[in-house]
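Examining the three-dimensional arrangement
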Amino acid sequence: TARAQQEWFIATRERPEQLYIGPLQRSASGEPYLIMAQATLEGGAVATRVDMELLGEIVEALRFGETGTAYIVQNDGILLVHTNPSLVEQGTNLAGSIEFDRLTNPAARTPEYVNFQQQDVIGAAAVVSNTNWYIVTELLGHLVGNGAAGQHPLQFLPDLLLQLLLVPLLASGG
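Residues numbered from 1 in each chain as written. Predicted model: local features only at pLDDT ≥ 70, side-chain atom pairs only at ≥ 80, totals over all residues. Heavy atoms only, no water.

1. Examining helix α1 (residues 7–14)
Where α1 is concerned, the buried positions are Trp8, Phe9, Ala11 and Thr12. Viewed end-on, α1 has its buried residues packed into an arc of 165°, placing them on one side of the element. Looking at α1, the residues exposed on the side facing more than 90 degrees away from the buried face are Arg13 and Glu14. At its buried positions, α1 is contacted by β1 (20–21), β3 (32–39) and β4 (45–51). (Buried < 20%, exposed > 50% of the residue type's maximum accessible area, 1.4 Å probe, protein only. Helix = DSSP H or I, 4+ residues; strand = E, 2+ residues; numbered from the N terminus. Arc of directions from axis to C-beta. Contact = heavy atoms within 4.5 Å.)

Structure, rendered in structure tokens:
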């Protein structure tokens with residue numbers, strides 16, 4: 001059948017213990033979405049189309065401080081959602097950037113850095129469990145006072161956002 005040839009169906013059959021999250025796609029009308037699928041106990045799979053505009057609206061509405069931003073990026077560098085949705089609409093890809101290396105190499109992560117928009121920021125990043133995504137939170141660096149050594153104001157924010165906003169949204173299927 002056509003369903004058996006779909007990437008999500010094949011992936012759930014090959015790795016039934018893992019949640020499948022497909023790449024960002026656009027509908028015929030240009031609306032961003034992705035497919036999430038999970039194997040069933042009976043050997044089949046259930047899939048849902050997640051409206052990325054909804055997730056984008058949640059991230060866009062996040063505010064912490066006057067300059068706080070949040071975004072989600074795939075492990076291939078594609079920006080999925082950002083507090084500035086035009087960056088997603090432009091197809092921003094962070095692959096090859098210093099910031100992307102920071103995300104994908106935990107040993108390279110430092111709280112202070114220059115982001116992909118060439119701004120000095122203090123940020124934190126975390127892998128979104130069971131996905132190929134990273135969530136990043138940032139504040140303009142010159143506006144944040146010095147904290148205790150090894151700590152900064154955003155240290156726990158990615159985990160908090162995941163638990164309070166993103167995980168329930170994804171669990172509900174968008």
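Further notes follow.
2. Some remarks on the pattern of salt bridges
Applying the stated criterion across every chain, the model contains one salt bridge. Its salt-bridge partner being Glu14, residue Arg15 comes within 3.6 Å of it at the nearest N-O pair. (Salt bridge = Lys/Arg side-chain N within 4 Å of Asp/Glu carboxyl O.)

3. Concerning the pairing of strand β9 (residues 133–140)
A large share of β9 lies buried, amounting to eight of its eight residues. Burial along β9 is two-sided: Trp133, Ile135, Thr137 and Leu139 and Tyr134, Val136, Glu138 and Leu140, pointing in opposite directions, are all buried. As paired strands, strand β8 (residues 120–127) and β9 are joined by seven bridges and run antiparallel to one another. Of the residues in β9, the one forming a bridge with Val121 is Leu140. (Pairing = 2+ DSSP bridges.)

4. With respect to the side chain of His82
Residue placement: His82 occurs in strand β6 (residues 79–82). A distance of 2.8 Å separates a polar side-chain atom of His82 from the backbone nitrogen of Asn84. If we skip the residues at most four places from it in the chain, His82 touches Val59, Glu60, Ala70, Tyr71, Leu87, Val88, Phe116 and Gln117. (Polar contact = N/O pair within 3.5 Å; in protein donor to acceptor, adjacent residues only side chain to side chain.)

5. What about the sheet that holds β9?
Taken together, the five strands give an open sheet; going across it, the order is β6-β5-β9-β8-β7, and neighbouring strands pair in antiparallel fashion. Since the sheet does not close on itself, it has two edges, and those belong to β6 and β7 (112–114), each with one partner. Strand-to-strand, the axes of this sheet are offset by a mean angle of 35°, without reference to chain direction. Across six bridges, the pairing between strand β5 (residues 69–74) and β9 is antiparallel. Bridge pairing in β9 links Ala70 to Thr137. Relative to β6, helix α2 (residues 52–61) is tilted by about 45°, and along the sheet it contacts β5, β6 and β9. (Axes fitted to C-alpha atoms, helices over the stretch in contact; angles between N-to-C directions.)

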